[in-house]
Amino acid sequence: MHFSLKTLCVILTLTLSAIAASGQELHSPNGQFVMNFSLKDGGVPTYQLNYKGKEVIKPSKMGLELTMNPAHQGYLKNQPDGEQIIRLLSSLYNNFEIVDTKTAGFDETWQPVWGETKNIRNHYNELAVTLNQKAVFNQNDFSRQMIIRFRLFDDGLGFRYEFPQQKNLVYFTIKEERTQFAMTGDHTAYWIPGDYDTQEYNYTTSKLSEIRGLMDKAYTGNTSQTAFSPTGVQTALMLKTADGIYINLHEAACINYATMHLNLDDKNFVLESWLTPDARGDKGRMQAPCISPWRTIIVSQDARNILASKMTYNLNEPSKIKNTSWIKPTKYVGVWWEMISGKSTWSYTNEFPAVQLGTTDFTKAKPNGTHGATTANVKKYIDFAAKHGFDGVLVEGWNVGWEDWIGNEKDYVFDFVTPYPDFDLKGLNAYAHSKGVKLIMHHETSSSIRNYERHIDTAYKLMNQYGYDAVKSGYVGNILPLGEHHYSQWINNHYQFAIEKAAEYKIMVNAHEAVRPTGIARTWPNLIGNESARGTEYQAFGNDRNHPNHVTILPFTRLIGGPMDYTPGIFEMDCHNGSHVNATIANQLALYVTMYSPLQMAADFPENYERFPDAFQFIKDVAVDWDDSKYLEAEPGQYLTVARKAKGSGNWFVGNVAGYNAFASKISLDFLDAGKQYIATIYADAKDADYMKNPQAYTIRKVVVTNKSKLSQTSVPGGGYAISIVPVTDKAQIKGMQKL
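Asks: I keep staring at the overall build of the protein and nothing clicks. Help me out?
Replies: Each helix and strand counted, the protein has 15 helices and 39 strands in total. Relative to the compact-globule value of 27 Å for 740 residues, the protein shows a C-alpha radius of gyration of 27 Å, a close match. Its C-alpha atoms put the protein at 85 × 70 × 50 Å along the principal axes. When burial is assessed residue by residue, the protein has 63% of its 740 residues classed as buried. For the protein, contacts bridging at least 24 residues in sequence account for 72% of all contacts bridging at least 6. Accessible surface for the protein amounts to roughly 27,300 Å². Of this, 49% is attributable to carbon and sulfur atoms. Between the averaged position of the 72 positive side-chain charges in the protein and that of its 76 negative side-chain charges there is a distance of 5 Å.

Next up, the structure:
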């Protein structure tokens, strides 16, 4: 068949001349946002966003670039004007006409299984624009359709691409998504380097124009990492304009799709989507009907509103788990920090340079004497958890294979069911249950995806057999099969498979080194935690520790998509391996409130908590599930103060963390019930506290407060404060106590 480029161009010209000049306008329910959609010259989909009369996103192009079927492309190359025809057919970013628009409004209130608030309002106005791309070759119609769906909330904009069932777009391969976010100026950005395999970087604060010059310094080592651009950054990206408007860019409901990074044109300050490729370099393999994830833009003049936004969750589907009674927020301790900080090891023996599962006989090996997951040591943690009211005990290094688990890109690395000789799998679970405690399973996959998937049913059945209801999974190292990346479409589908498979066995999942969350926990609430950023473990990594302001940025970035298993609660800042934790004890207490998660670990050794029982009391008291949350003070990179009301209780907890500089916090307790008195126990940095030189200096005082009380409290650099607030039940409780 002969295709004439001239014929094609004539048809496209006639089509484009008929496009209406006027665009489509969408208003948020409160009227503060206005989104404009139009087709620019050449039929290019374009959107623009205003907030309170100010432009926050300049006209930005939309669409996708496709990779053609090799056989079809080879055929067309031999046709007259074949290369130009290929370029036209590879485009889903121009030559469109608007053939239909539909608007709708939506307003509901739903209750999450767990969360920062008891109720979440989902209120938006919607515009769905159906676009037709006319393409005719010698009377053969190759026209294609794409829908762009916009939802405008009172806190920002979400939009996605939809590909309805049609004859000319069935199976297609994405070369790149071409979604732009055109900034209005050289904003301040809180960013980490774009990377296909890790999010574990310290944040850099700079102007957009400075990213290129700072990239090399920001790009620190990891066991698996793949950079793609000197101006590439990851989402969620936090931005602040010169006139004090906060902008957050991320994605929601990333299902069957590659993770989106952002590549910056630092001359024009345009950020453009950059998807994670697969082993062949393709960015996505799609089958219509299908959809993309939502691209999200949260905007406010008040940084606190960015943190309070639930837009990411609202753009995900309701829970697909009908009976969620088995999903329980959890506070736990565990055999973990002692390996991270150099006290113990995951491995059982030093005799084997390599392990072959099923062949290597560990019963004949000499124990190394440093193995952490021994029956005796785990019993110590179980006893500690039972004594102090913790729900679970995580145990890492319990299963055979840790002697050569990393760095060898080994396929059959773990079987997830065989314990070391010094770990009594059956006996320890029975002992834990007798104490009212559950063990938490650990599945390190060493990023061997095929190996985990072929063992996953057996591994989950073992958990059911012994009463485990939660698993911490890990994906350290390069992805196997080689060439795939941690955030490609195929690997993202694996993470989703593991979550859904776990739900079949009524197992909660806490995935480490996996893709950053995008609100999927609304749909699959058994995804009770993720790491997907630098957690506390980096404090034990010597010169590459977390910056003191790290925890003042994470809630604005990583936590936008879902909770983080940050593993706070370190009381002894000097590690066995010589590293030092950049925090004060008061800061570590505050993290249980400021770093929201329904899964919270008291990460330090039991003996370190026993040295500071008065400070440890806050960790014992603090809730992990909430009826309400109030963001009281916030500035990314500098400070954060949060108040939360415990689920089904009148108790409130407050946390504040400071960055590089001291912060004088001034808050009102007007969130408390009127007419009631409360006892506030305030855990704060001592005046001489110093996160490097004197991190264990703290004060504790009790005062009587009401909803009319106001508190002034100073946090030192890298410090903070934590408050537990409980209703007075007996006047004798407050006799002689100072009133605030």
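Alright, that's what it looks like, and here's the rest.
Asks: Help me understand the sheet that holds strand β34 (residues 652–658) in this model?
Replies: The strands that make up a sheet pair up through hydrogen bonds in the backbone, lying either parallel or antiparallel. If you trace the six strands from one edge of the open sheet to the other, you get β32-β33-β34-β39-β36-β37, paired in antiparallel fashion. Each end of this open sheet is capped by a strand with a single partner; those strands are β32 (626–635) and β37 (698–705). Ignoring strand direction, the axes of neighbouring strands in this sheet form an average angle of 15°. Sheet analysis places strand β36 (residues 678–685) next to strand β39 (residues 720–727), joined by seven bridges and oriented antiparallel. The partner of tyrosine 683 across the bridge, within β39, is alanine 722. Contacts from helix α13 (residues 585–594) reach β32, β33 (639–646), β34, β36, β37 and β39, with the element oriented near 125° to β34.

Asks: Honestly, the sheet that holds strand β22 (residues 284–287) in this entry has me stumped. Any pointers?
Replies: What the four strands build is an open sheet, ordered β6-β5-β13-β22; its pairing is antiparallel. At either margin of the open sheet sits one strand with a lone partner, and together these are β6 (91–92) and β22. Here strand β5 (residues 64–67) pairs with β6 via two bridges, running antiparallel. If you follow leucine 64 over to β6, its bridge partner there is leucine 92.

Asks: So what exactly am I meant to see when it comes to the pairing of strand β4 (residues 54–61) here?
Replies: For a regular strand, the rule is simple: side chains alternate between the two faces of the sheet. For strand β3 (residues 44–51) and β4, the ladder comprises five bridges, and the chain directions are antiparallel. Within β4, the position partnered with threonine 46 by the bridge is lysine 61.

Asks: Is there a simple way to think about the pattern of salt bridges in this case?
Replies: Pairing is possible between side chains that carry opposite charge, provided their charged atoms lie close to one another. Summed over all chains, the structure comprises 37 salt bridges. Residue lysine 501 is joined to aspartate 457 by a salt bridge in which the shortest nitrogen-to-oxygen separation is 3.4 Å. Of this pair, lysine 501 sits in helix α11 (residues 489–504) while aspartate 457 is found in helix α10 (residues 449–466), placing the two residues 44 residues apart along the sequence. In this structure aspartate 457 comes out as partly exposed when scored by relative accessible area, which is 27%.

Asks: Quick question: what am I supposed to make of the packing of aromatic side chains here?
Replies: Here a ring pair, both rings aromatic, is described through the centre-centre distance and the interplanar angle of the planes. Tallied over the entire structure, the rule returns 39 aromatic pairs. Ring centres of tryptophan 336 and tryptophan 337 lie 5.8 Å apart, and the angle between their planes is 40°; this geometry places the pair in the tilted category. Like tryptophan 337, tryptophan 336 is buried. Judged by centre distance (6.4 Å) and plane angle (70°), the ring pair of tyrosine 348 and phenylalanine 362 falls under edge-to-face. On the criterion of sequence distance, the pair formed by tyrosine 348 in the loop between α7 (337–340) and α8 (375–388) and phenylalanine 362 in the loop between α7 and α8 is long-range, its members being 14 residues apart.

Asks: Please clarify how the packing of α13 against helix α15 (residues 613–621) should be interpreted in this entry.
Replies: Axis angle and axis distance: for two packed helices, these are the angle between their axes and the distance between the axes, and together they describe the pair. Packing of α13 against α15 brings their axes to within 10 Å, and their N-to-C directions diverge by 10°. One element, α13, and the other, α15, form an angle in the roughly parallel class. In this structure, α13 uses Ile585, Leu589, Tyr592 and Val593 to contact α15, whose residues at the interface are Ala615, Phe618 and Ile619. Among the residues making up the contact of α13 with α15, the classes are represented as seven nonpolar, no polar and no charged.

Asks: Can you help me understand the side chain of histidine 485 in this one?
Replies: Its place among the elements puts histidine 485 in the loop between β28 (470–474) and α11. In this structure, histidine 485 is in contact with Tyr196, Asp197, Thr226, Thr276, Pro277, Ile479 and Ile491, ignoring residues within four places of it in sequence.

Asks: Looking at this structure, how should I read the pairing of β22?
Replies: Every second residue of β22 is oriented toward a common face, the buried set being Gly284 and Met286 and the non-buried set Arg285 and Gln287. Two elements, strand β13 (residues 171–177) and β22, share four bridges in a ladder whose sense is antiparallel. Paired with threonine 173 across the two strands is arginine 285, which belongs to β22.

Asks: Please explain α15 as it appears in this structure.
Replies: Residues separated by three or four positions in an α-helix point in the same direction, a consequence of the helix having 3.6 residues per turn. All of the buried residues along α15 are Ala615, Phe616, Phe618 and Ile619. For α15, the arc enclosing every buried residue in end-on projection is 140°, short of the 170-degree limit, so these residues lie on one face.

Asks: What is the right way to read the environment of lysine 472 from this model?
Replies: If you trace the backbone, lysine 472 turns up in strand β28. On the basis of relative accessibility, which here comes to 5%, the residue lysine 472 falls in the buried class. Measuring from C-alpha to C-alpha, the distance between lysine 472 and tyrosine 592 comes to 19 Å, with 120 residues separating the pair along the chain.

Asks: Where do I start with unusual backbone geometry in this structure?
Replies: Trans peptide bonds make up most of the peptide bonds, and negative phi angles are found at most residues other than glycine. Across the junction of threonine 235 and alanine 236, the peptide omega takes the value 0°, indicating a cis bond. Looking at where alanine 236 falls in the secondary structure, it is placed in the loop between β17 (232–234) and β18 (237–240). In this structure, proline 481 follows leucine 480 across a cis peptide bond, with omega equal to 10°. In this structure, glutamate 513 takes a positive phi of about 65° despite not being glycine. Inspection of the secondary structure puts glutamate 513 in the loop between β29 (508–512) and β30 (527–530).

Asks: So what exactly am I meant to see when it comes to the side chain of histidine 512 here?
Replies: As for its placement among the helices and strands, histidine 512 is situated in strand β29. At a separation of 3.5 Å, a polar atom in the side chain of histidine 512 contacts the side chain of asparagine 510. Dropping the residues within four chain positions of it, histidine 512 is found in contact with Lys472, Ser473, Gly474, Tyr475, Glu531 and Asp565.

Asks: Got a minute to help me understand the confidence of the model for the protein in this structure?
Replies: Low pLDDT marks stretches whose predicted atomic positions should not be read closely. Considering every residue of the protein, the mean pLDDT works out to 95; 96% of them sit at 70 or more. Note that pLDDT drops below 50 for residues 1–22; the model gives that stretch 39 contacts with residues more than four away or on any other chain.

So, how was this worked out
- Residues numbered from 1 in each chain as written.
- Predicted model: local features only at pLDDT ≥ 70, side-chain atom pairs only at ≥ 80, totals over all residues.
- Heavy atoms only, no water.
- Helix = DSSP H or I, 4+ residues; strand = E, 2+ residues; numbered from the N terminus.
- Rg over C-alpha atoms; globule rule 2.2 N^0.38 Å.
- Buried < 20%, exposed > 50% of the residue type's maximum accessible area, 1.4 Å probe, protein only.
- Contact = heavy atoms within 4.5 Å.
- Areas by Shrake-Rupley, 256 points an atom, 1.4 Å probe, with all protein chains shown as cover.
- Lys, Arg positive; Asp, Glu negative; His and termini not counted.
- Charge placed at Lys NZ, Arg CZ, Asp CG, Glu CD.
- Pairing = 2+ DSSP bridges.
- Axes fitted to C-alpha atoms, helices over the stretch in contact; angles between N-to-C directions.
- Salt bridge = Lys/Arg side-chain N within 4 Å of Asp/Glu carboxyl O.
- Phe/Tyr/Trp six-rings, centres within 6.5 Å; stacked < 30°, edge-to-face > 60°.
- Parallel < 35°, antiparallel > 145°, perpendicular 65-115°, else oblique.
- Nonpolar A, V, L, I, M, F, W, Y, C, P; charged D, E, K, R; others polar.
- Arc of directions from axis to C-beta.
- Polar contact = N/O pair within 3.5 Å; in protein donor to acceptor, adjacent residues only side chain to side chain.
- pLDDT = per-residue confidence, 0-100.

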